[in-house]
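Chain by chain, the residues:
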Amino acid sequence: MSAPVKFYYDLLSQPSRAMLIFLKLAKIPFESLPVALRKAEHLSEEFREVNRFQKVPCINDNGFKLSESVAIVRYLANKHNISGNWYPKDVKKQALIDEYLEWQHNNTRISCGLFFRLLWLNPLITGKKPSPESVAEHQKRVEDTLDAIENIWLEKNSFLAGDEISVADIWGACEIEQLLLTPFDFRKGRPRLSAWMDRVRSSSNPHYDEVHKVLVKMAQKTAKL
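Being a predicted model, the structure only gives us computed values, none of them experimental.

Draft legend 1. Broad picture of the packing of helix α4 (residues 91–126) against helix α6 (residues 167–177). Between α4 and α6, the shortest axis-to-axis distance is 10 Å and the interhelical angle comes to 5°. Here α6 runs roughly parallel to α4, going by the angle between their axes. Residues Ile97, Tyr100, Leu101, Gln104, Thr108, Arg109 and Cys112 of α4 touch α6, and the partners they reach there are Val167, Ala168, Trp171, Gly172, Glu175 and Ile176. Looking at side-chain class alone, the contact of α4 with α6 contains eight nonpolar, three polar and two charged residues.

Structure (structure tokens):
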């Protein structure tokens, strides 16, 4: 029997949270190896040996090193012959999941991620607030992305790739949850998105709540400032 896959992550990383939920739901044996981004542990020479891009999440599967969460989930799903709805073998169902995962890079991930950085991370690092113009510009991108999820991706389906939850939903929801660290209410005026977020959470609990504990605590702390 091979050793458990070594999984490097930080719970402030959206794809790290998604990958951790997937590993637990799919019951894939793994060794938990947190990397503290806030302490710049990912920039150490030691971590460079783990991941040449010095980012999380990443894995070391008995000497096989891989970064990029979407590549990792596809690799692990194939290697461990994951059955069911998370990343099914049926080529058409798989293609619909991949369609969202590919779309996400230039939409959910980039718009929500940049907005989070602008309103929360950059001020924390620099001590400077963003300009109202920059906030309005980035918020418009977030709104356009969330409206596409509301009106296109969820127009006829309960989940992003059909009527069953899949890794597409886990990856999408974890990106959107990052907005908890901003004043923006991503649920307001989006009933389909709001109901979908609730379905994703209930369908993947207790793991969903576990990996978001740190984020929720930080959001509550930020709201008091």
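Right, picking up where we left off after that structure.
Draft legend 2. Quick look at the sheet that holds strand β4 (residues 64–67). With mixed pairing, four strands are arranged side by side in an open sheet as β2-β1-β3-β4. Of all the strands in the sheet, the pair left with one neighbour each is β2 (30–34) and β4. Adjacent strand axes in the sheet meet at a mean angle of 20° when their direction is disregarded. The sheet contact formed by strand β1 (residues 5–9) and β2 spans five bridges and is parallel. For lysine 6, the partnering residue across the bridge sits in β2 and is glutamate 31. Together, β1 and β2 form the strand contacts of helix α1 (residues 14–25), whose direction differs from that of β1 by roughly 150°. Here helix α3 (residues 69–79) sits on the sheet in contact with β3 (58–61) and β4, set at roughly 135° to β4.

Draft legend 3. Layout of the nonpolar core. Among the nonpolar cores identified, the biggest contains 53 residues, and Phe22, Ile170, Trp171, Ile176 and Trp196 are the most heavily contacted of them. The set of elements that each furnish at least two residues to this core consists of β1, α1, α3, α4, α5 (132–153), α6, α7 (191–204) and α8 (207–223). Ignoring sequence-local partners within four residues, the contact set of tryptophan 171 consists of Ala18, Met19, Phe22, Ser69, Val70, Val73, Leu101 and Gln104.

Procedures and definitions
- Residues numbered from 1 in each chain as written.
- Predicted model: local features only at pLDDT ≥ 70, side-chain atom pairs only at ≥ 80, totals over all residues.
- Heavy atoms only, no water.
- Axes fitted to C-alpha atoms, helices over the stretch in contact; angles between N-to-C directions.
- Helix = DSSP H or I, 4+ residues; strand = E, 2+ residues; numbered from the N terminus.
- Parallel < 35°, antiparallel > 145°, perpendicular 65-115°, else oblique.
- Contact = heavy atoms within 4.5 Å.
- Nonpolar A, V, L, I, M, F, W, Y, C, P; charged D, E, K, R; others polar.
- Pairing = 2+ DSSP bridges.
- Core = buried A, V, L, I, M, F, W, Y, C linked by side-chain atoms within 4.5 Å.
- Buried < 20%, exposed > 50% of the residue type's maximum accessible area, 1.4 Å probe, protein only.

Any functional reading would require information beyond the geometric quantities listed.
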